[in-house]
Every structure is written in C-alpha cells, then in structure tokens.
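Summary of the model geometry
Spelled out, the chains give:
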Amino acid sequence: MNKTSTMSKTSTMSKTLTVIVAVATLAAGCGGGASIDDVWARPSPPTAENAAFYFTATVDEGDRLVAAESPACGRTELHISQMQDGLMTMRPADTGQLTASDGTLVLEPGGLHVMCMQLVAPLVEGDEVDLTVTFEQAGEIDLTVSIEDR
Amino acid sequence: MKRLVIVLVAVVVVAAAGLAVTRSLRPHLYAGTVLQSPQPAPEFTLPAHTGAEVSPADHRGDIVLLYFGYTHCPDVCPLTLSSVAKALDQIGDDAERVHLMMITVDPERDTLEVLGDYMGHFDESFLGLSGDPDEIARIAALYGVFYRAGEGDESTGYVVDHTATLMAIDPTGALRVVYSPEIGADALAPDLKELLG
C-alpha cells in the first residue's frame, strides 16, 4: 500500500517536473523573458518637436533592443547622448550600445533613450502614452510611459 | 552619580558646539569645477525672448547661469534646465537673484518665440537668447563653447553637438564655476546659496 502510494507520488512529481520543463522549453523557444520598469518621460515644452523616453529593461543576457514605436511620436529612433571630445553629442545608438550584455539595459537622461520625434501633442505631466519596444529575443513588449517631472 | 550626569551632559554639549563651529568654518565644497583664477565673464548683449536686449552685466550682485543649448535637444538640455529649475525651488526667495540665460546654438530653428515657449516650460524666469548666427558664434568662442550642426534640414531634423556645460557668473561678474550638464538640483542648490553669500 505504502509502496503503491510512493510510486504514485513519484509519478505525479515526475509529471509535474515534465510539465515545468516543457513550459520552460516552450518559453525559451518563444524567446527570452523580459521585465521592463520605470518607463517615463519628461513633460515637453509646448512647442517642442522632440522628446525622450526612458526605461530599465531586465532581459536575457545578450538580448538587444531593436525598435521602439509610439503613437505619440511621428517617428522614433534609439539614440544615445554622450560626451565626445568635450561636446555633448546625440547619435543613433549602435548594436553594442543596445545590447544587454549583462541582462540589463538602462535608458536614462544623458545616455540611451528612445528619441521621440515629431511629437503629436505635448507630453503633459500626469498623462500616459503607449510605447511598444521590440527586443531581438523577447519580442514586442507593450509599455505605458508615465509623464513625470523628475 | 548626579555629578557624573552633569559632566556627561556638559561633554556632549561642548562636543556638539565644537562640531557646529567646525562645520561652519569648513570651506564650501562646490559641486562644480571652480575656476582657480576667475576672470571677468566676457560681455555680450543679445535679444531675449522677452523682447529685451539682455547682458550678464544687467545682473551684477546676482548670479547669472549661462548655458548654450537648443530646443530640439530632447535629452540633455531638459535634464540640465530641469535641474536648475528644481534648484531654484530649493533656495526659496534667493531664486530671485539667480538668472538663467540659454543662448541657442541653433538660431536657424530657435526663434525668440520658440525659445520663449521652451524656456517658460522649465521656469518663468529663464531667458532664451538668440540673434545673428555670427554673433552667437563669436560669443560662444569667448566662453570656450563649441558647437556644430549635424546633417539634415528642417524637414528631416538634425542634431547640434555642443559644449553643454552650465557656467555660473558670480555677483562680481566673474566666471566662477562650471558644471557638468548632469549636475542635479540637490548638488547645485547649495552652490548657488554659497555664491550669493
């Protein structure tokens, strides 16, 4: 009786384990996991044509941000601000700069950001706008950008 | 026992007073880079978005914060201007004695009207200055500021690389402290207080 019960338990555990492995495999096959936090942008001046969106992404190591789109912007690009020869420059970010080699990609003021061009309407404090980002492995992720005066 | 308590209290009071005196005597440590031989800030006069012709000399006795930027700059310029606005909030009434002037490095697109909307968004007291491109280039050179427009036109948009330091002209009219564009409000506010004396 005891033996049967033990076998039954073992069998159930084994099935459970199989399901977990299967789900994990499926998830891996569909692309890596991703969690994106702290999605925000500054309120924009009334006549500003450009704005910047920021967030912190935790993704699989080596995953890469490839695109961003928002209905709030006529056009978006992935840019990086950096000091070069004493000048503050802003350029489209390159592949290496968009790759989360350690699994974290931080978009923040004075660094990487989603450059939102041809703003459809000024970004107003307290409002929210939609943003969809695409990672090479994690795929498309829908986000909500909080407009905050930080 | 009672005597011991009195002695202990006295020790604590003396130590606290000593600490307070030491702190008040300690020279202020600036968050920016202090120019060791401050020179008079180069003079200039440019039209501001308010319609007035303005010059740093208008504000002797106060602080002028001078910045070269442009309104199509979505990341670094708002970062710096927003920090200055928050630092002014922190210093209360003294903020009336701090005058921020942003000279555009993109006079083609930044008309005085555009500058007015942009500057007012950060703080009503901020001044946006524009003018003849050659005159702006001359003034920038006097302050060791360099800028260059990237490829593109008004339809495609373009960026302008620029020296993005924030410069503080002290109440005597000397160029005193230079800040990184990423200076935060909490670091800037105590410096402004100190410069005002």
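Our subject in this report is the structure included herewith.

What counts, and at which threshold
Residues numbered from 1 in each chain as written. Chains lettered and ligands numbered in written order. Predicted model: local features only at pLDDT ≥ 70, side-chain atom pairs only at ≥ 80, totals over all residues. Heavy atoms only, no water. 1 Å grid on protein atoms, 1.4 Å probe; cavity = no way out; pocket = protein on both sides within 12 Å on 5 of 7 lines; lining within 4 Å. Points joined across faces, edges and corners; volume = space filled by probe spheres on them. Helix = DSSP H or I, 4+ residues; strand = E, 2+ residues; numbered from the N terminus. Nonpolar A, V, L, I, M, F, W, Y, C, P; charged D, E, K, R; others polar. Contact = heavy atoms within 4.5 Å. Buried area = accessible area lost by both parts, 1.4 Å probe. Salt bridge = Lys/Arg side-chain N within 4 Å of Asp/Glu carboxyl O. Polar contact = N/O pair within 3.5 Å; in protein donor to acceptor, adjacent residues only side chain to side chain. Buried < 20%, exposed > 50% of the residue type's maximum accessible area, 1.4 Å probe, protein only. Axes fitted to C-alpha atoms, helices over the stretch in contact; angles between N-to-C directions. Parallel < 35°, antiparallel > 145°, perpendicular 65-115°, else oblique. Phe/Tyr/Trp six-rings, centres within 6.5 Å; stacked < 30°, edge-to-face > 60°. Lys NZ or Arg CZ within 6 Å of the ring centre and 35° of its normal. Disulfide = S-S within 2.5 Å.

**Comments concerning the layout of surface pockets**
The space that makes up the second largest pocket amounts to roughly 160 Å³. Lining the second largest pocket are A:R42, A:P43, A:E125, A:D149, B:S82, B:A85, B:K86, B:D89, B:H121 and B:F122. Listed by contribution, the elements that provide at least two residues to the lining of the second largest pocket are α2 (76-90) and α3 (112-122) of chain B. Considering each element in turn, the lining of the second largest pocket owes the most residues, four residues, to α2(B). Of the residues belonging to the lining of the second largest pocket, the class tally is three nonpolar, two polar and five charged.

**Points about the interface of chain B and chain A**
Across the contact, 25 residues belong to chain B and 29 residues belong to chain A. Note on chain B versus chain A: buried area summed over both sides is about 2100 Å², and carbon and sulfur give 56% of it. Connecting chain B to chain A are two salt bridges. At the surface where chain B touches chain A, the tally comes to 13 residue pairs in polar contact (both at pLDDT 80 or more). Taken together, the elements giving at least two residues each to the side of chain B that touches chain A come down to α2, α3 and β8 (160-162) of chain B. Within the side of chain B that touches chain A, the residues separate by chemical class into twelve nonpolar, seven polar and six charged.

**A closer look at the pattern of salt bridges**
Working definition: two side chains of opposite charge can pair if their charged atoms are close together. Residues and elements named next belong to chain B. Under the definition given, this model contains 13 salt bridges over all chains. The residue E43 makes a salt bridge to R60 at a minimum N-O spacing of 3.1 Å. Of the two residues, E43 sits in the loop between β1 (33-40) and β2 (46-47) while R60 sits in the loop between β3 (53-54) and β4 (63-69), which places them 17 residues apart along the sequence. Owing to a relative accessible area of 36%, E43 belongs among the partly exposed residues under this scheme. Between K193 and D94 there is a salt bridge, with its nearest N and O atoms 3.0 Å apart.

**A closer look at the packing of α2(B) against α3(B)**
Residues and elements named next belong to chain B. One way to put it is that α2 packs onto α3 with a least axis distance of 8 Å and a crossing angle of 50 degrees. The angle between α2 and α3 falls in the class oblique. Two secondary-structure elements touch here, α2 through C77, P78, L81, S82 and A85 and α3 through Y118, M119 and F122.

**Digging into the packing of aromatic side chains**
Overall, the coordinates contain four aromatic pairs over all chains when judged by the stated rule. Where A:W40 meets A:Y54, the ring centres are 4.9 Å apart and the plane angle is 40 degrees; that geometry is what we call tilted. With a gap of 14 residues between them, A:W40 in strand β1 (residues 34-41) and A:Y54 in strand β2 (residues 51-59) connect regions that are remote in the sequence. Grouping residues by exposure puts A:W40 and A:Y54 together as buried. Taken together, a centroid distance of 5.3 Å and an interplanar angle of 65 degrees make the contact between B:Y118 and B:F122 edge-to-face. In this pair, B:Y118 and B:F122 are both assigned in helix α3, four residues apart and thus about one turn of the helix distant. Both residues of the pair, B:Y118 and B:F122, count as buried. In this structure an aromatic cluster arises from ring pairing among B:F44, B:F68 and B:Y143. Across the ring face of B:Y158, the terminal group of B:R109 is positioned such that the distance to the ring centre comes to 3.5 Å.

**Side note on the state of the cysteines**
The term disulfide refers to a covalent linkage connecting the sulfur atoms of a pair of cysteines. The final tally for this structure, using the stated rule, is two disulfides over all chains. A sulfur-sulfur distance of 2.2 Å marks the disulfide that ties A:C73 to A:C116. Between A:C73 and A:C116, the S-S torsion sits near -110 degrees, and that sign places the bridge as left-handed. Here A:C116 lies in strand β8 (residues 112-119) and A:C73 lies in strand β4 (residues 73-84), a separation of 43 residues in the sequence. Like A:C116, A:C73 is buried. Paired through a disulfide, B:C73 and B:C77 show a sulfur-sulfur distance of 2.3 Å.

**Some thoughts on the environment of B:D153**
With respect to the helices and strands, B:D153 occurs in the loop between β7 (147-149) and β8. Sequence separation of B:D153 and B:R109 is 44 residues, and the distance between their C-alpha atoms is 10.0 Å.

Geometric descriptors of this kind do not, in isolation, establish any biological role.
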